[in-house]
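Coordinate analysis (summary)
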Amino acid sequence: MEKQAVDGARRAFNSGRSRPLQYRKQQLSALLRLIRERQAEIVSALKRDISRSEFDTPIFELIGIENDIKLAERNLADWMAPQPVKKTLLTITDDVYIKAEPLGVVLIIGAWNYPWSLTLRPLVGAIAAGNAAVVKPSEVSKSSASLLKELLPQYLDTEMYPVVTGGVPETQELLKQRFDHIFYTGNSTVGKLVMEAAARHLAPVTLELGGKSPCYIDKDCDIAVACRRITWGKFANCGQTCIAPDYILCHPNIQHRVIEEIRQTLLEFYGEDPKTSPDYGRIINQHHFDRLLALIEGCTVAVGGESDKSQCYITPTILKDVLPHARIMQEEIFGPVLPIVTAGDVNEVIRFINERPKPLALYVFSSNKKVVRRMLNETTSGGVLVNDVMVHYTINALPFGGVGNSGVGRYHGKHTFDQLSHHRACLIKSLAMERLNMARYPPMTPSRLRTSMFFLRSRSGSCDQALRAWAVVSSLLALALLISLLVVLLRDSNIAA
Amino acid sequence: MPSVHYARLKYLFEMESQRQIIERLRAAFQSGVTAPLQFRLTQLKSLLSLLEDNEPQILEALQKDLAKPKFEAVLSEIDMVVNDLCYTINSLPTWIQPSYVGKNLATKLDDCFVRREPLGVVLIIGAWNYPLQLILAPLIGAIAAGNCAILKPSEISRATERLLAQLIPKYLSQECFAVICGGAEETKSLLENRFDHIFYTGSQAVARSILQAAAVHLTPVTLELGGKCPCLIYGRLDMLAAAKRLVWSKFFNAGQSCVAPDYVLCTPEMREELLPAIAKALSIFYGSQPKQSEDFSRIVTDRHWDRLMALLGKTQGRVVMGGEGSKEDKYFAPTVVVDLDGSDALMQEEIFGPIMPILTIESLEQGITFINQREKPLALYVFSDESQVVNMVLERTSSGGFCSNDGIVHMTLPGLPFGGVGASGMGSYHGRWTFETFSHRRGCMLRGWGLERISMLRYPPYTESNLSWLRWATSAKKKSWGVCSVM
């Protein structure tokens, strides 16, 4: 069944119909209609899957997809046009450009925490780039997966963009097929398996993984606002966000204040009993629920700690004085548990972060420009956000992706289009001007070598300088000619007079 | 001591030193020494001096390895690297600047930009056909991007390998750059280590095992592979000019170029014109006895020479030019084979030698179909004076790069990305593209504390009215460069 879907997509791609601009725009606007017309059903599916609040869904999932589609619709003609590049002296009469072309059949494997955004945003790029795509939503978010399987064929070209549902065996079957690019969102362990499977067919991959995104709160910052923003980012979607602030690093002297501010904010957001708040979500399933409770064990609970297995409910929890080697500091938390690790100064913080795998996101709260600059220069991460959390995700002009353990490749906005295209280098020459070419042919003579080197060698400055020099010389010549002409005319007129 | 035991000890010793080298480079990287622009420029300028100071030694090594004529060595090895170096040195101060992305309604007070950051310790594995260029051109970008790098030159081009091992430590910082020599075993053990990027030039078979080794550490890779680069000749054209460019690009380096036109497709009528034109070009270039010409290279090793001879032995086609060779000096004559089809031995693998098969097609359509039935090549060539022919092939095929009415030269342009697609590779480099390959593009956003009242729209408890304000403020409406979703 998986093979059929892939073969069908390849047949559809080979027919060439996904290439014209019109087709791509038509599919994209159909996708936009799907999101707008069926929003209510999407919201209920998410409520069933992950108890997502109906307000979170448009903000966290749908607007991102919509904006990507609108950006592509507006700019696709430009993106598809050949991009001319700088020429050299030898290619001055040629056409030199880079042309974006479709890759072929792309496999998109989604994740369960934002099942619509993480599946459809890559799809937007795949469509915009002229590819066919096999879409494999995560089976963990069951309702969303079956809704997607039902809805996508109603709006998009079914053969070109088939949806394949299923679990591990179906995914493994898919990964045996040949794709021209594999786009995977999920965890590093499976990410490695995906990359290995792709290796067999020499297929390039984009891996949007995760890791522990550190959140540093400097002494010199507006702690109240910082904590409010962190609370929002940490506990939205019940902490199940790849770019949620995973843990806090701060000076021991402000730990108490930080805890109090977050506690206060939690009250404002979710009330006395978050269990009754319609805006607070649940853990996706029993397995993750058990995993999170095991992580809390052995740590000092400052806030929260209660849970209800029947609902997969874990109250917003803050842990204090967490030790670097604690179990909770060894894996991505992906839940509503926020450990605080204390650190003496910025040096210690930077060392702490650099000793660990490169994270997907790094958050720095500080009003001190020097501290911010040091954090930017002395660490690395997929993305970095100063004085807020998560919202960098929403600027689709910024490339979104990891580095090292947190991922390979980037997307959002035009970056998805670029990631899923082949940028083909094109040189269009004519057979004329053969005399110029003679310098490079054998038999070699010292004078021929000198001529070739003159044209090909770029020295101080680029060949731009040679062009500029020629421009100056020819302008001077033209000026000289003009002056001579004027002199002649004046003389003539004098003579005539 | 039994030789097996000795070999294993030697292997373990080398593995240990490999690990020590990598640790040393990693410590250097973490100390931050490669980050400043000044350091990078100094290293690049040193690399330039390496090439300027040692041109005779380099030419000698290339002559030993491939009997590479001085002309070819200067143009395709030394000068290509020198040009790339100059271009990079001049442009680097611009490239490392953060690129600001457009601000919009909600982020007017914020700073959004992309920083290029170094990856760490990268591995560059070279190939034997252009042993200098294929290892130094990636190194330029690795240095420019602020990384430490391990170079693993091809052991097949032995003289160049030894020269690099000797010169690199003299000119570049030994803390940050190292050359590791060896064959398949050493490469395999090298790949067990963790790198932040692996850049490989070579064959598809080895590329698969490199990708698999990279998958263990989630290491991004650039693969510059090869394949059979088709050359389509069709329509109205100046046959002699076309033949000269075809012959030049095919027999340069005795056909041992990843972007050499591998095989030719043309109609039977064109073939009648093409063959004498090729013969004429060959005689102008290499004289009547190419073996005596100083401008014609040799095959790199006996093993490769044997492979080419065997291919010629297996072909069902007819040899109309060349076909002879002498193993002692690894000379293989410029050879043209006709009357063969797609199932021939010469059409099963990349030739990588001075054998030019010419296959006939009845129509352009047939030619395009023939090309598309095969793996995407690294380069695709079309010779024609008719622009609709050129455009049709361009539109209906895919390849790493495309060049009409010439061969190879598209890869000498610093503005064009050089790389494959599908089976011919992934990633690209040259000029700025090498710098980008070895950089991480980090998205950065700097916010302020103000406008908290607007931020509050996004906090729970959620209300319908907050939601509609937020949607209004953050949906893409007017024409803007980038759009913001949530505040």
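The paragraphs below set out a description of the structure included in this document. (Residues numbered from 1 in each chain as written. Chains lettered and ligands numbered in written order. Predicted model: local features only at pLDDT ≥ 70, side-chain atom pairs only at ≥ 80, totals over all residues. Heavy atoms only, no water.)

**Side note on the interface of chain B and chain A**
With 115 residues of chain B at the contact, the number on the chain A side is 114 residues. Carbon and sulfur atoms supply 58% of the area that chain B and chain A bury against each other, a total of about 9,800 Å² over both sides. Among the residues of chain B in contact with chain A, B:Leu218, B:Trp449 and B:Tyr462 are the three that bury the most area, contributing 10% of the side total. There are 7 salt bridges connecting chain B and chain A. (Contact = heavy atoms within 4.5 Å. Buried area = accessible area lost by both parts, 1.4 Å probe. Salt bridge = Lys/Arg side-chain N within 4 Å of Asp/Glu carboxyl O.)

**Looking at the sheet that holds strand β6 (residues 197-201) of chain B**
Residues and elements named next belong to chain B. Taken in spatial order, the 6 strands line up as β5-β4-β3-β6-β7-β17 in an open sheet, and their pairing is mixed. Either end of the sheet is taken by a strand with one partner, and the two such strands are β5 (177-179) and β17 (425-426). As paired elements, strand β4 (residues 148-152) and β5 share 3 bridges and run parallel to each other. Across the sheet, residue Ala149 finds its bridge partner in β5, namely Phe177. (Pairing = 2+ DSSP bridges. Helix = DSSP H or I, 4+ residues; strand = E, 2+ residues; numbered from the N terminus.)

**A word on the packing of aromatic side chains**
Taken as a whole and judged by the stated rule, the model has 28 aromatic pairs over all chains. With centroids separated by 5.8 Å and ring planes inclined at 65°, the aromatic side chains of B:Tyr87 and B:Trp95 adopt a geometry described as edge-to-face. Each residue in the set A:Phe269, A:Tyr270, A:Tyr280, A:Tyr313 and B:Tyr459 is aromatic and connected to the rest through ring pairs, giving one cluster. A:Arg356 extends its terminal NZ or CZ atom over the ring of A:Phe352, reaching a point 3.6 Å from the ring centre. The ring of B:Phe370 carries B:Arg374 above its face, with NZ or CZ at 3.8 Å from the centroid. (Phe/Tyr/Trp six-rings, centres within 6.5 Å; stacked < 30°, edge-to-face > 60°. Lys NZ or Arg CZ within 6 Å of the ring centre and 35° of its normal.)

**Here's the deal with the packing of helix α8 (residues 188-200) of chain A against helix α8 (residues 204-217) of chain B**
At a minimum axis separation of 8 Å, α8(A) and α8(B) run at an interaxial angle of 180°. Compared by their axis directions, α8(A) and α8(B) come out roughly antiparallel. Together, A:Lys192, A:Met195, A:Glu196, A:Ala199 and A:Arg200 of α8(A) and B:Arg208, B:Leu211, B:Gln212, B:Ala214, B:Ala215 and B:Val216 of α8(B) make up the contact between the two elements. Considered class by class, the residues forming the contact of α8(A) with α8(B) number 6 nonpolar, 1 polar and 4 charged. (Axes fitted to C-alpha atoms, helices over the stretch in contact; angles between N-to-C directions. Parallel < 35°, antiparallel > 145°, perpendicular 65-115°, else oblique. Nonpolar A, V, L, I, M, F, W, Y, C, P; charged D, E, K, R; others polar.)

**Some details on the nonpolar core**
Counting 341 residues, the largest nonpolar core has A:Leu123, B:Leu139 and B:Ile278 as its most contacted members. For this core, the leading source of residues is helix α4 (residues 70-95) of chain B, giving 14 residues. Those residues in contact with B:Ile278, other than ones at most four positions away along the chain, are B:Ala243, B:Leu246, B:Val247, B:Met321, B:Val336, B:Met356 and B:Ile358. (Core = buried A, V, L, I, M, F, W, Y, C linked by side-chain atoms within 4.5 Å. Buried < 20%, exposed > 50% of the residue type's maximum accessible area, 1.4 Å probe, protein only.)

**Topic: the pattern of salt bridges**
Residues and elements named next belong to chain A. Inspection of every chain in the model, using the stated rule, returns 46 salt bridges over all chains. Note that Arg17 and Glu159 form a salt bridge whose closest N and O atoms lie 3.0 Å from each other. Note that Arg17 is positioned in the loop between α1 (2-14) and α2 (21-37) and Glu159 in the loop between α6 (142-155) and α7 (168-176), a separation of 142 residues in sequence. Classification of Arg17 as partly exposed rests on a relative accessible area of 30%.

**Some thoughts on the side chain of B:Thr201**
Examined against the element boundaries, B:Thr201 turns out to sit in strand β6. For B:Thr201, the contacting residues outside a window of four places in its chain are B:Ile125, B:Gly126, B:Ala127, B:Leu134 and B:Glu224.

**Digging into the environment of B:Arg318**
Residues and elements named next belong to chain B. In this structure, Arg318 sits in strand β10 (residues 318-321). For Arg318, a relative accessible area of 43% puts it in the partly exposed group. On a C-alpha basis, the gap between Arg318 and Pro357 in space is 9.4 Å, while along the polypeptide they are 39 residues apart. Those residues in contact with Arg318 that sit more than four places away from it in its chain are Arg271, Val336, Val337, Val338 and Asp339.

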